[in-house]
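# Observations on the model geometry
Residue-level listing of the chains:
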Amino acid sequence: MPLRPYIVGNWKMHGTRAMLSEARAIDRAAQRHMKVEVAIAPPYTLIHPVHREAEQIAVGAQDCHHEEGGAHTGDISANMVADAGGKFVILGHSERRENHGETDAQIKAKANAALEAGLRVILCCGESEKTRDAGRAVAHVKKQLNASLPTFDEQPEDLRERVTVAYEPIWAIGTGKTATVDDIAEMHGEIRALLIKLYGEEHGGEMRILYGGSVKPENASEILSTPDVGGALVGGASLTADSFMGIALAAGETAEG
Ligand code: PEP
């Protein structure tokens, strides 16, 4: 059975306890859209409160450290995310790469640590506008993924569910610009081929590849019906239940065909 469309909200550095009512509304609405897997990644401080209240949606983190513990002021390990009720972690987001200088090697170490801690991983990749204009978008994304996707001595049976890739062109994040359907289809096709090469048809052929970058209820149907798009990673439009669940609704309709 193919996996359900995966609609994941990245709240970034937005949200105090006042936002819990929005998480509750998302959770209630998700119970009416069981054909779609809905999840949110709020700031660390809200992981446990959302986990305590949510019945349907999964809650996750926006990053984690690759070590289990130690002298790393301000950091949080994958085990701590899991202990707070987190089920997944977003890794390698372009804002982490840009603001914190994260490298592909560090992201790979984090991905391995997260899987070890029992979390699912959403691994982000994407090119800058300059790289796309230079015609190097596909090569850049493949290089990022080759260097940052987790490796296994023995692949777990549920690997296709545990590793998700999110293609997010940097120039489309928070800008209102989206990639064209042809560009999305080309990139997702290239990523699919790479996943099959790395993990085999059984896992790589089924792993979800999300698109991220200014996804909204108005453009969700078109994006989500593009070949090899298994869902969306959503920033701004995930902050209210209305807009976020508008995207989930589009995902459900697309899945039904
Ligand atoms: C993101 O930050 O992952 C993202 C896709 O943001 P937005 O939807 O706001 O472009």
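Above this text sits the structure in question.
This text gives an overview of the structure that appears in the document. (Residues numbered from 1 in each chain as written. Predicted model: local features only at pLDDT ≥ 70, side-chain atom pairs only at ≥ 80, totals over all residues. Heavy atoms only, no water.)

### Considering the overall build of the protein
Within the protein, the secondary structure is distributed over 11 helices and eight strands. Taken over the C-alpha trace, the protein has a radius of gyration of 17 Å; the compact-globule value for 257 residues is 18 Å, and the two agree within 12%. Here the protein displays about 11800 Å² of accessible surface, and carbon together with sulfur accounts for 49% of that area. (Helix = DSSP H or I, 4+ residues; strand = E, 2+ residues; numbered from the N terminus. Rg over C-alpha atoms; globule rule 2.2 N^0.38 Å. Areas by Shrake-Rupley, 256 points an atom, 1.4 Å probe, with all protein chains shown as cover.)

### A look at the sheet that holds strand β6 (residues 163-167)
The parallel closed barrel is built from eight strands, whose spatial order is β1-β2-β3-β4-β5-β6-β7-β8. Across the sheet, the mean angle from the axis of one strand to that of its neighbour is 25°, orientation sign disregarded. By the bridge criterion, two bridges tie strand β7 (residues 209-212) to strand β8 (residues 231-234) in an arrangement that is parallel. Residue G212 lies in a different strand from β8, and its bridge partner there is L233. (Pairing = 2+ DSSP bridges. Axes fitted to C-alpha atoms, helices over the stretch in contact; angles between N-to-C directions.)

### Side note on the packing of helix α1 (residues 20-30) against helix α11 (residues 241-256)
Between α1 and α11, whose axes approach to 9 Å, the crossing angle comes to 25°. It follows that α1 is roughly parallel to α11 by the angle criterion. Judged by the sense of rotation from one axis to the other, the crossing of α1 with α11 is right-handed. Contact residues: α1 offers E22, A25, I26, A29 and A30, while α11 offers A241, F244 and M245. (Parallel < 35°, antiparallel > 145°, perpendicular 65-115°, else oblique. Left-handed = near helix turned anticlockwise from the far one by under 90°. Contact = heavy atoms within 4.5 Å.)

### Some details on the pattern of salt bridges
Per the stated rule, a full pass over the model turns up 17 salt bridges. Measuring nitrogen to oxygen at the nearest pair gives 3.0 Å for the salt bridge that ties R208 to E37. On the criterion of sequence distance, the pair formed by R208 in the loop between α9 (181-204) and β7 and E37 in strand β2 (residues 37-41) is long-range, its members being 171 residues apart. Accessibility assignment for this pair places R208 and E37 in one class, buried. Ionic contacts of the salt-bridge type, sharing partners, join the residues R4, E37, R120 and R208 into one network. (Salt bridge = Lys/Arg side-chain N within 4 Å of Asp/Glu carboxyl O. Buried < 20%, exposed > 50% of the residue type's maximum accessible area, 1.4 Å probe, protein only.)

### Focus on the site of the ligand
Looking at the ligand, there are 14 residues lining it, with K12, E168, G174, S214 and G235 nearest. Between the ligand and H93 there is a distance of 2.9 Å, counted from an oxygen atom to a side-chain nitrogen or oxygen. G236 places a main-chain nitrogen or oxygen 2.9 Å from an oxygen atom of the ligand. For the ligand, whose accessible area on its own is 290 Å², the fraction buried by protein is 95%. Taken atom by atom, the bulk of the ligand overlaps the second largest pocket. Its residues assigned to classes, the shell around the ligand comprises four nonpolar, eight polar and two charged. (Near = heavy atom within 4 Å. Polar contact = N/O pair within 3.5 Å; in protein donor to acceptor, adjacent residues only side chain to side chain. 1 Å grid on protein atoms, 1.4 Å probe; cavity = no way out; pocket = protein on both sides within 12 Å on 5 of 7 lines; lining within 4 Å. Sits in = over half its atoms within 2 Å of the grid points. Nonpolar A, V, L, I, M, F, W, Y, C, P; charged D, E, K, R; others polar.)

### Observations regarding the nonpolar core
Counting residues in each nonpolar core, the largest one holds 68 residues, and the members touching the most others are I7, I26, V38, L145, I191 and Y211. Per element, the largest residue contribution to this core is seven residues, and it comes from α11. Here I7 is in contact with V36, E37, V38, A39, L224, G231, A232, V234, F244, I247, A248 and A251, once residues within four sequence places are set aside. If you look at the next biggest cluster of nonpolar residues, it comprises 11 residues, including Y6, I122, C124 and L233. (Core = buried A, V, L, I, M, F, W, Y, C linked by side-chain atoms within 4.5 Å.)

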